There are 2 protein chains.
Amino acid sequence: MKVSIIKIGGNLIEDESVLKKVLQNFARLEGAKILVHGGGKLATQVSEKLGIATQMVDGRRITNRETLDVITMVYGGLVNKTIVANLQSLNCNALGLSGADLNSIKSVKRPVKTHDFGFVGDVTAVNSEMFSLLLNNNITPVCCAISHDGNGQLFNTNADTIASEIAIALAKNFEVELYYCFEKKGVLRTIEDEDSVITDINTEIYQALIKENIIADGMLPKMQNCFNALERNVSKVFIGSIDMLSEENQLRTTITL
Amino acid sequence: MKVSIIKIGGNLIEDESVLKKVLQNFARLEGAKILVHGGGKLATQVSEKLGIATQMVDGRRITNRETLDVITMVYGGLVNKTIVANLQSLNCNALGLSGADLNSIKSVKRPVKTHDFGFVGDVTAVNSEMFSLLLNNNITPVCCAISHDGNGQLFNTNADTIASEIAIALAKNFEVELYYCFEKKGVLRTIEDEDSVITDINTEIYQALIKENIIADGMLPKMQNCFNALERNVSKVFIGSIDMLSEENQLRTTITL
């Protein structure tokens, strides 16, 4: 059986009309599928309204107790349930999941090296038995970027990593395709040119693109998740817009080893 | 197969140490089980912090758009995921559900008679097929007080009613027991006397207690849910504290027709 895992970025969630179009594309996709989402700037907006200060260290956000509660409310509640209700209206039997639900994604608190990032988890296990049960019953899991430690603690967790870890775990029993969808058509050679999509990236090209400074910043960990998935038997990995799910010949970046 | 459906009231959720004890009692309960919860005053507190005014008509709350979002965040996100993570730590394979998840609870917007209560739903269907699938796989559903209309709209829904409607739907295929747990030991004869529990209430006694003004206000719809469940083949219905789940000879109110 083939399973498509689609991760949607924050920019596709924040605008209601954009999200509707994204979910229409997702719902139309045939076969077993899993949606993974974060919450984009919504959590920051709610935090600000609640007067919770964003703690940063070296430009990276700290997830303190209050911020974790907001993430649980926004990602696990508002965003997740909005997506699930919309998918149900599109005849997709969606089921929202945090990592605690069905013990689906287990993690450990990120070890403190130079900084303590607070309630941030690094994924240690994906419950492929439970995902298989759902997929075999035509249920579509909708996973938010929250994991748990098995001892009652929830953790904020990178959505790209959750997507690749689910893909890797399911690759043992399924043919898995992993799609990272965001607001661009793929990895761009020139950031100002929306159509300058680099259609194929392998490890060799990747190293060259890093040297040329074309791949940098947030794209680096995303690419690492892609290669990590490919090295661990995920069949295909793509980066692009949501249109790549439905349109043939759509520009997109295909990642290979 | 026997299924126990336990609804826990708002006062059992608001205090972290009380909630832990409640979940320990729930997790110890043997056999198939379902937990139903609201969110108590937490939603009101978050609304206040966010500066959302509570609209009231004739002493009853109106669920406007902003309030629905808060309810989705607090009941569907923070409270639900906190409960699920804690149950997982107690070896209970919990799965949090809104009515949209798995299309588990469908509703229609409450018809406008004298007042428009806003985004409030009256339950029209419970997906017993999905609940059966979960229970047969040793999964424990944890349902928050949110339903959906199947067209993408979520609705705030009374948690007592959700519990009785699930009980009624499952009574077709299971032996169902329904437990309404709150901070008291049962329906009290004298509100000041915590031990004045009326141990048995049937329809005849119920009418007498209404005349005596012993049952009034919020207890009236709760009792209606109890009788409604019994009339539609739910085996047993109880009102009492969480201790009634574990302790023999514990004081509690047993409802019969």
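Just so it is clear, the structure is predicted and the values come from calculations on it, not from any experiment.

Describing the overall build of chain A
Moving on, step 1. A tally of helices and strands in chain A yields eight helices and 14 strands.
Moving on, step 2. Scaling as 2.2 N^0.38, a compact globule of 257 residues should have a C-alpha radius of gyration of about 18 Å, and chain A matches this with 18 Å.
Moving on, step 3. Each principal axis of the C-alpha atoms in chain A carries an extent, and together these give about 45 × 45 × 35 Å.
Moving on, step 4. In chain A, which comprises 257 residues, the proportion classed as buried is 57%.
Moving on, step 5. Put simply, 69% of the contacts in chain A that link residues at least 6 apart link residues at least 24 apart.

Re the UniProt feature "site: Transition state stabilizer" (unreviewed entry) in chain A
Residue and element names in this part refer to chain A.
Moving on, step 1. The sites that UniProt annotates as "site: Transition state stabilizer" (unreviewed entry) are K7 and K222. Taken along the chain, the residues just named run across 216 residues; in space they keep tight, none of their C-alpha pairs more than 11.2 Å apart.
Moving on, step 2. Looking at the element boundaries, K7 is found in strand β1 (residues 2-8).
Moving on, step 3. K7 gets classed as buried once you look at its relative accessible area, which sits at 9%.
Moving on, step 4. Looking at K7, its side chain comes within polar contact range of the side chain of D160, at 2.9 Å.

Notes on the environment of M130 of chain A
Moving on, step 1. On the secondary structure map, M130 of chain A appears in helix α5 (residues 128-136).
Moving on, step 2. By relative accessible area, M130 of chain A is classed as buried at 11%.
Moving on, step 3. The spatial distance from the C-alpha of M130 of chain A to the C-alpha of L102 of chain A is 6.8 Å, given a sequence separation of 28 residues.
Moving on, step 4. The residues touching M130 of chain A, leaving out its near neighbours within four places in the chain, are L102 of chain A together with N93 and I139 of chain B.

Some words on the pairing of strand β11 (residues 175-181) of chain A
All names here are of chain A.
Moving on, step 1. Here β11 lies mainly inside the structure; six of its seven residues are buried.
Moving on, step 2. Bridge count for β1 against β11 is seven bridges, and the pairing is parallel. By the bridge assignment for β11, K2 is matched with E175.
Moving on, step 3. Sheet topology places β11 next to strand β13 (residues 236-240); five bridges connect them, and they run parallel. By the bridge assignment for β13, L178 is matched with V237.

Some points on the pattern of salt bridges
A side chain with one charge may pair with a side chain of the opposite charge, provided their charged atoms come close.
All names here are of chain A.
Moving on, step 1. According to the stated counting rule, one finds 24 salt bridges over all chains in the structure shown.
Moving on, step 2. With its nearest N and O atoms 3.8 Å apart, the salt bridge here joins E177 to K2. Taken as a pair, E177 in strand β11 and K2 in strand β1 lie far apart in primary sequence, 175 residues in all.
Moving on, step 3. For E177, a relative accessible area of 5% puts it in the buried group.
Moving on, step 4. Three or more residues joined by partner-sharing salt bridges are found here, namely K2, E177 and K236.

Focus on the interface of chain B and chain A
Moving on, step 1. Taken together, the 39 residues of chain B in the interface contact 39 residues of chain A.
Moving on, step 2. Taken together, the two surfaces of chain B and chain A that pack against each other cover about 2900 Å², and 69% of this comes from carbon and sulfur.
Moving on, step 3. Looking only at chain B, the three residues that lose the most surface to chain A are M73, L78 and K81 of chain B, adding up to 19% of its buried area.
Moving on, step 4. Linking chain B to chain A there are two salt bridges.
Moving on, step 5. D101 of chain B is paired through a salt bridge with K81 of chain A; the nearest N and O atoms lie 3.0 Å apart.
Moving on, step 6. Taken together, the links from chain B to chain A amount to eight residue pairs in polar contact (both at pLDDT 80 or more).
Moving on, step 7. Among the secondary structure elements, those contributing two or more residues to the side of chain B that touches chain A are α3 (42-49), α4 (65-89), β5 (94-97) and α5 (128-136) of chain B.
Moving on, step 8. Of the residues forming the side of chain B that touches chain A, the biggest block, 16 residues, is contributed by α4 of chain B.

Examining the sheet that holds β11 of chain A
Residues and elements named next belong to chain A.
Moving on, step 1. Taken in spatial order, the eight strands line up as β5-β8-β2-β1-β11-β13-β14-β12 in an open sheet, and their pairing is mixed. Both edges of this open sheet fall to β5 (94-97) and β12 (200-201), since each of them pairs with a single strand only.
Moving on, step 2. In this sheet, strand β8 (residues 140-144) lies alongside strand β2 (residues 32-37) in parallel orientation, the contact comprising three bridges. Bridge assignment links H37 to a residue of β8, and that residue is C144.
Moving on, step 3. Helix α2 (residues 16-28) rests against β1, β2 and β8 of the sheet, and its axis sits at about 155° to β2.

Examining unusual backbone geometry
Residue and element names in this part refer to chain A.
Moving on, step 1. Positioned with a positive phi, N91 is a non-glycine residue whose angle comes to about 60°.
Moving on, step 2. Along the chain, N91 falls in the loop between α4 (65-89) and β5.
Moving on, step 3. Taking the relative accessible area as the measure of exposure, N91 reaches 77% and is therefore exposed.
Moving on, step 4. Even without a glycine there, the phi angle at N138 is positive, about 60°.
Moving on, step 5. Examined against the element boundaries, N138 turns out to sit in the loop between α5 and β8.
Moving on, step 6. Take N138: its relative accessible area is 65%, and that puts it in the exposed class.

Rules and cut-offs
Residues numbered from 1 in each chain as written. Chains lettered and ligands numbered in written order. Predicted model: local features only at pLDDT ≥ 70, side-chain atom pairs only at ≥ 80, totals over all residues. Heavy atoms only, no water. Helix = DSSP H or I, 4+ residues; strand = E, 2+ residues; numbered from the N terminus. Rg over C-alpha atoms; globule rule 2.2 N^0.38 Å. Buried < 20%, exposed > 50% of the residue type's maximum accessible area, 1.4 Å probe, protein only. Contact = heavy atoms within 4.5 Å. UniProt positions renumbered as here; feature names shortened; annotations may be inferred. Polar contact = N/O pair within 3.5 Å; in protein donor to acceptor, adjacent residues only side chain to side chain. Pairing = 2+ DSSP bridges. Salt bridge = Lys/Arg side-chain N within 4 Å of Asp/Glu carboxyl O. Buried area = accessible area lost by both parts, 1.4 Å probe. Axes fitted to C-alpha atoms, helices over the stretch in contact; angles between N-to-C directions.

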